[in-house]
Amino acid sequence: MELFSSARSLVQMHEPDRPVTCLRPEMANRAATYFKNRFPGKILYAVKANPRLEIIDSIYNSGINHFEIASLSEAELLYGRYPDCRLSYMHPIKSRGSIRNSYFKYGVRDFALDSLDELNKILVSTDYAEDLNLFVRLAVPNDYAEFNLSQKFGAVPSNVGQILSSIRPVSKKIGVCFHVGSQCMSPSSFSSALKIVGEIICSSNLILDIVDVGGGFPSIYPNLAPPPLDDYLQEIRSTKERISVLNKCEIWAEPGRALVAEGASTLVRVDHRKDDHLYINDGTYGSLFDAGFPGFVFPVKPIRKDGKFSASLLSYSFFGPTCDGLDYMKGPFILPEDMKEGDYIEIGQTGAYGCTMRTRFNGFYSDRTVVLTDLPILSMYQNSAYEQQIAGG
Ligand SMILES: Cc1ncc(COP(=O)(O)O)c(C=O)c1O
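Residues numbered from 1 in each chain as written. Predicted model: local features only at pLDDT ≥ 70, side-chain atom pairs only at ≥ 80, totals over all residues. Heavy atoms only, no water.

A short note on the packing of helix α8 (residues 188-204) against helix α9 (residues 229-242)
Part 1 of the argument: For the pair α8 and α9, interaxial distance at closest approach is 8 Å and the crossing angle is 25°. With respect to their mutual orientation, α8 and α9 come out roughly parallel. Judged by the sense of rotation from one axis to the other, the crossing of α8 with α9 is right-handed. Of the residues in α9, those in contact with S188, F190, S191, L194 and K195 of α8 are Y232, E235, I236, T239 and R242. (Axes fitted to C-alpha atoms, helices over the stretch in contact; angles between N-to-C directions. Helix = DSSP H or I, 4+ residues; strand = E, 2+ residues; numbered from the N terminus. Parallel < 35°, antiparallel > 145°, perpendicular 65-115°, else oblique. Left-handed = near helix turned anticlockwise from the far one by under 90°. Contact = heavy atoms within 4.5 Å.)

Topic: the sheet that holds strand β10 (residues 173-177)
Part 1 of the argument: Pairing is parallel across the open sheet formed by nine strands, whose spatial order is β3-β13-β12-β10-β8-β7-β6-β5-β4. Where the open sheet ends on each side, the last strands, each with one partner, are β3 (42-43) and β4 (45-46).
Part 2 of the argument: When strand β8 (residues 133-137) meets β10, the two strands line up parallel, connected through five bridges. The partner of V136 across the bridge, within β10, is V176.
Part 3 of the argument: Its contacts with the sheet place helix α6 (residues 116-125) against β7 (110-113) and β8, and it is angled at close to 155° to β7. (Pairing = 2+ DSSP bridges.)

Re the nonpolar core
Part 1 of the argument: The biggest cluster of nonpolar side chains holds 101 residues, and the ones touching the most others in it are F178, F217, F318 and I345.
Part 2 of the argument: In terms of residues, this core owes the most to one element, α8, which gives seven residues.
Part 3 of the argument: Three or more residues apiece are contributed to this core by two domains, here domain 1 (3-22 + 261-372) and domain 2 (25-260).
Part 4 of the argument: Beyond its immediate stretch of four places on either side in the chain, F318 contacts L278, I280, V300, D327, Y328, M329, F333, L335, I345 and I347.
Part 5 of the argument: Counting eleven residues, the second largest nonpolar core, distinct from the first, contains V11, I303, Y344 and V370. (Core = buried A, V, L, I, M, F, W, Y, C linked by side-chain atoms within 4.5 Å. Buried < 20%, exposed > 50% of the residue type's maximum accessible area, 1.4 Å probe, protein only. Domains from an automatic or database assignment.)

Observations concerning the pattern of salt bridges
Part 1 of the argument: Enumeration over the complete set of coordinates arrives at 19 salt bridges.
Part 2 of the argument: Residue D374 is joined to R24 by a salt bridge in which the shortest nitrogen-to-oxygen separation is 2.9 Å. Here D374 is found in the loop between β20 (369-372) and α12 (384-390), whereas its partner R24 is found in the loop between β2 (20-23) and α2 (25-38), with 350 residues between them in sequence.
Part 3 of the argument: The exposure class of D374 is buried, given its relative accessible area of 18%.
Part 4 of the argument: Note that R30 and E262 form a salt bridge whose closest N and O atoms lie 3.6 Å from each other. One end of the pair, R30, is in helix α2; the other, E262, is in the loop between α11 (257-260) and β14 (264-274), with 232 residues separating them in the sequence. E262 matches R30 in its accessibility class, with the two residues each being buried. (Salt bridge = Lys/Arg side-chain N within 4 Å of Asp/Glu carboxyl O.)

Shown next, in the form of structure tokens:
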């Protein structure tokens, strides 16, 4: 893998014709180390957020060897590469073939479900295995999240007791898992969800082995600056201590976005300018899906070979390269007023759900990938308080 000191040095040496994914695996390692040292339980990495092996290796090197998978392909990717790893298949709806193959070929023993039909599928597909750890996915409010996941998955609290009673006799360990929604902007979502779990435990009279608080931990974007991550972990820690039935359970979390957002940026080129619209060579069908309909404003850094830009700034929106009008990123992206064709832009925080969502629509696809050694444009781990926390202080 080619290594550059910055996106600027890449432009100076190569003037790339197509978008380039710029990995910063060290940043994923830094985020993983922060979570590992501070979270009051076990960390699983949600591989879907960024399945690049350089990124996964760097998370693994921080000491995280437990992965949350949502497909058989993710099991295939990890199995064998990390001999001591544990894979937990936490997608609540799976095909029979993927349950069977993940159990028999890839050693998966942890499965999530949100209905008795799915339980039956898991039991039949594993030939009624006796070493399963089963998790009931609970639907919890996703009120403060940018992406709601509870509309699609999860059993309502009033049904969870019955599902838990059904899995108890057929599981080695049982648990409850939930997801407060991705890019969750309020730590209180975690305490509210944990309170619901506490009530379920009390009313069902069952002892849970594991409570999995899922993902949802936010990253930082210019239009979405969350409270400090430590507030989220403190909220989880104090709720667990306050609710005695939770205190007896092992706690897991499955962060995706917060571990890898800073782990990559995307280098694009301006191919055309019309007023305050820049037509760039990557877009919502490429690595910038979240800048489209979800409206994320990514941090941007302009790059020109001679480095000379106007000091006055302007708010721009972007159009991607395809023929589709939906390939539009409203922004505002704040850049020098004299941006023009041939300039480059480093777009930060695309490490989570960025390059992994690229399509080949209209034939626009670039998998050119390099590693950068400088710091990301924006970071939530990069101040002295966080650095102390990363070190476990
Ligand atoms: C089951 C599960 N766990 C973890 C995650 C990771 O969530 P996030 O990237 O918001 O941390 C997701 C995201 O969709 C998920 O579905």
